[in-house]
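# Fold and geometry: a report
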Amino acid sequence: MMKRYDVVIIGGGLAGLASALKLADKRKKVLLLEAEPVLGGRTSNYQDNGMEVESGFHRMIGYYTAFPEMLRKAGIDLKEIFMWEKRMEVRLAEKEKTAKFGIAPLLGPYQALKGVIGNNRILSPRDKLSLIPFFTSGLKDYKKNPKQLDELSIADYAKKYGVTENAFQSLIVPLSSGLFFIGPKRYSAYAFFGLFAVGIPTIYKMRIGAFLGGMTDIMCNPIGKAIERKGGEIRTSCKVKKLTVDQNKRVNGVKLDNGNSIQAEHVVLATTLHSAKQILASDFKDHPWFAPMLKLPVMPAVTFQLELTKRALPKDITTFGPGTALASFAEQSRTTFRHAHGRLSIILAEPEKFLDMEPEETLKIVLQDAKKLGMDLEKHLVNYRQINHHYDFHSLEPGNNWLRPEQNTPVDGLVLAGDYTMQPFFATMEGAVVSGNKAAEIILNQKAHKKTAIS
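Criteria and thresholds
Residues numbered from 1 in each chain as written. Predicted model: local features only at pLDDT ≥ 70, side-chain atom pairs only at ≥ 80, totals over all residues. Heavy atoms only, no water. pLDDT = per-residue confidence, 0-100. Contact = heavy atoms within 4.5 Å. Helix = DSSP H or I, 4+ residues; strand = E, 2+ residues; numbered from the N terminus. Polar contact = N/O pair within 3.5 Å; in protein donor to acceptor, adjacent residues only side chain to side chain. Buried < 20%, exposed > 50% of the residue type's maximum accessible area, 1.4 Å probe, protein only. Pairing = 2+ DSSP bridges. Salt bridge = Lys/Arg side-chain N within 4 Å of Asp/Glu carboxyl O. Core = buried A, V, L, I, M, F, W, Y, C linked by side-chain atoms within 4.5 Å. Phe/Tyr/Trp six-rings, centres within 6.5 Å; stacked < 30°, edge-to-face > 60°. Disulfide = S-S within 2.5 Å. Axes fitted to C-alpha atoms, helices over the stretch in contact; angles between N-to-C directions. Parallel < 35°, antiparallel > 145°, perpendicular 65-115°, else oblique. Left-handed = near helix turned anticlockwise from the far one by under 90°. Nonpolar A, V, L, I, M, F, W, Y, C, P; charged D, E, K, R; others polar.

Detailed reading of the predicted coordinates is not advisable wherever pLDDT is low. Counting all residues, the mean pLDDT for the protein chain is 90, and 93% of those residues have values of 70 or more. Across residues 451–455, where pLDDT falls below 50, the model places 0 contacts with residues more than four positions away in sequence or in other chains.

In structure tokens:
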């Protein structure tokens with residue numbers, strides 16, 4: 001007789017893991033299915049032909065709340081998996097200068113104050129003053145005029161509020177293309193200010209955490225083990241082809257690539273947006289509720305990882321390189337890749353340029369631009385890898401935010417999870433966990449409501 005589950009979760013990234021952990025904690029029969037051999041999705045690490053790589057260059061933001069709460073619930077000590085940074089750097093190629101900014105106003109007040117009143121070689125007092133109306137108006141419009149704000153790019157908004165060209169290039173460009181790989185002319189002002197607005201209530205926690213190891217190893221696998229300890233099941237290398245739908249149009253399970261079917265009372269679709277569209281296509285491509293979601297564009301990401309005979313930078317610190325292909329980067333030989341003598345992980349901008357390039361071609365550009373930023377890497381190079389994600393996040397370009405779907409679908413038995421869903425965070429680990437928690441709550445509330453109605 002076929003085993004039936006309370007919930008099948010498609011996707012072993014943070015959204016799926018968060019949902020599975022919360023449901024297993026409530027003693028639900030949970031099965032999590034991950035298509036890849038390892039857990040983590042966009043937060044995974046793995047071996048690539050003998051080189052240890054990660055899916056991307058990731059950082060934990062100190063004001064996150066749902067993400068660290070999930071880690072603690074899984075029995076993970078945050079002190080053992082993070083090294084905290086209290087500042088960031090911006091390297092300017094043309095000026096051959098570096099600006100240092102404190103990012104922890106309460107945990108590192110001196111560095112934060114020094115960043116504001118210092119860096120005058122990079123940002124003049126006039127430049128700094130021009131940023132005040134830009135940020136204050138942007139945060140106000142985020143709350144009061146969100147749809148109008150989403151129609152503008154961050155470049156348009158900066159021009160509207162008189163940000164100087166130098167302030168724009170030295171600070172706004174790093175904070176846009178450095179965080180989400182696309183330039184300010186393509187980046188929604190609503191998404192940009194949303195990154196800051198959600199952190200204001202817990203700004204006292206602000207800092208950046210570098211992972212002390214690959215995220216599958218130190219984070220996702222331990223979460224998976226916690227799920228299994230609570231009675232949940234996990235299967236990797238298990239790809240879902242489609243949902244199974246009964247005669248009443250209710251989702252009642254999944255069909256795998258190998259032809260097998262699994263039954264469940266509920267299904268949580270917790271994949272990337274691109275994969276979710278593929279899974280939904282066979283049964284719901286003409287369903288009007290899914291139409292906006294199916295129109296929501298995706299955007300790519302490309303990271304480049306170099307192993308070196310010596311450290312590329314004196315410290316492991318989040319650094320931005322505006323005006324170069326090195327949107328953001330960090331030396332990681334003291335943190336994520338402690339086995340290496342030197343290890344540089346880079347997010348490349350704009351990613352579309354590199355998707356069709358051979359890694360050797362990309363390497364030439366990376367080495368040239370690194371040299372402009374004061375890093376002579378070629379003679380120390382041991383190995384390198386280019387990691388392409390053709391469909392990484394939902395697009396943060398203007399006008400797309402309102403295509404994001406709610407998580408509770410009108411289809412019985414189907415709930416969505418993922419950072420592309422309509423929740424306050426944009427394409428972040430926190431957004432993935434928030435959505436996973438919410439998906440679990442929707443299912444638990446539905447079951448509680450049904451139980452009350454029956455009684």
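Following the structure, the description resumes.
All right, on to the environment of Thr318 then. Looking at the secondary structure, you find Thr318 in the loop between strand E14 (298–308) and strand E15 (319–320). Through-space distance from the C-alpha of Thr318 to that of His394 is 24 Å; in sequence the pair is 76 residues apart. Polar side-chain contacts of Thr318 include one of 3.0 Å to the side chain of Glu85.

In this section: the pairing of strand E16 (residues 326–331). Burial of E16 is extensive: 6 of the 6 residues sit out of reach of the surface. Linking two consecutive strands that pair antiparallel, namely E15 and E16, is a turn of 5 residues; a positive phi of about 90 degrees is found at Gly323 within it. The sheet contact formed by E16 and strand E17 (residues 342–348) spans 5 bridges and is antiparallel. Residue Ala330 lies in a different strand from E17, and its bridge partner there is Ser345.

This part takes up the pattern of salt bridges. Per the stated rule, a full pass over the model turns up 13 salt bridges. Here Arg186 makes a salt bridge to Glu352, at a shortest N to O gap of 2.9 Å. A residue pair is termed long-range when its members are at least 10 positions apart, and Arg186 in the loop between helix H8 (165–180) and helix H9 (189–197) and Glu352 in helix H13 (residues 352–355) qualify at 166 residues. For Arg186, a relative accessible area of 24% translates into the label partly exposed. Here Asp283 makes a salt bridge to Lys242, at a shortest N to O gap of 4.0 Å. Here the residue Asp283 occupies a position in helix H11 (residues 273–284), and Lys242 occupies one in strand E11 (residues 240–245), the gap between them amounting to 41 residues. The partly exposed category is assigned to Asp283, whose relative accessible area is 34%. Each of Arg186, Glu350, Glu352 and Glu397 takes part in one network of salt bridges that share partners.

In sheet architecture, strand pairing relies on hydrogen bonds along the backbone and comes in two forms, parallel and antiparallel. As summarised here, the arrangement of the 3 strands in space is E5-E9-E6, forming an open sheet in which the pairing is antiparallel. Looking at which strands have only one partner, the edges of the open sheet turn out to be strand E5 (60–61) and strand E6 (82–85). Looking at chain direction, E6 and strand E9 (residues 208–211) are connected through 4 bridges and run antiparallel. Of the residues in E9, the one forming a bridge with Trp84 is Gly209.

Take the environment of Gly56 next. With respect to the secondary-structure elements, Gly56 resides in the loop between strand E4 (51–54) and E5. Through-space distance from the C-alpha of Gly56 to that of Cys220 is 15 Å; in sequence the pair is 164 residues apart.

We now examine the nonpolar core. One finds Phe67, Leu71, Phe134 and Met219 to be the most contacted residues of the largest nonpolar core, which totals 94 residues. Leave out the neighbours within four places in its chain, and Phe134 touches Ile154, Tyr157, Ala158, Tyr161, Val163, Ile172, Phe192 and Phe193. Cys238, Val240, Leu269 and Leu416 belong to the second-largest nonpolar core, a separate cluster that totals 27 residues.

Glu350 follows Ala349 through a cis peptide bond whose omega is -20 degrees. Here Glu350 lies in the loop between E17 and H13. The phi angle at Asn49 is positive, at roughly 50 degrees, despite the residue not being glycine. In this fold, Asn49 is placed in the loop between strand E3 (45–48) and E4.

Let's shift gears to the packing of aromatic side chains. One pass over the full model with this rule turns up 27 aromatic pairs. An angle of 85 degrees between the planes, with centres 5.8 Å apart, marks the rings of Phe135 and Phe196 as edge-to-face. A residue pair is termed long-range when its members are at least 10 positions apart, and Phe135 in helix H5 (residues 125–144) and Phe196 in helix H9 qualify at 61 residues. Looking at Phe196, the relative accessible area reads 29%, which means it is partly exposed. With 5.8 Å between their ring centres and 90 degrees between their planes, Phe180 and Phe393 make a pair best called edge-to-face.

It is worth spelling out the state of the cysteines at this point. In the structure shown here, the tally under the stated rule is 0 disulfides. Unpaired in terms of disulfides, Cys238 finds its nearest cysteine sulfur in Cys220, a separation of 18 Å. Given the relative accessible area of 10%, Cys238 is considered buried.

All right, on to the side chain of Asp6 then. Mapped onto the fold, Asp6 is located in strand E1 (residues 4–10). Engagement of the side chain of Asp6 in a polar contact is seen with the backbone nitrogen of Lys29, the distance being 2.8 Å.

Further remarks concern the packing of H5 against H8. For the pair H5 and H8, the least separation of the axes is 9 Å and the interaxial angle reads 65 degrees. Relative to H8, H5 is oriented roughly perpendicular. Relative to H8, the crossing made by H5 is right-handed. When H5 is examined against H8, the residues Asp127, Ser130, Leu131, Phe134 and Phe135 are found in contact with a partner set consisting of Asn166, Ala167, Leu171 and Ile172. The residue makeup of the contact of H5 with H8, split by class, is 6 nonpolar, 2 polar and 1 charged.

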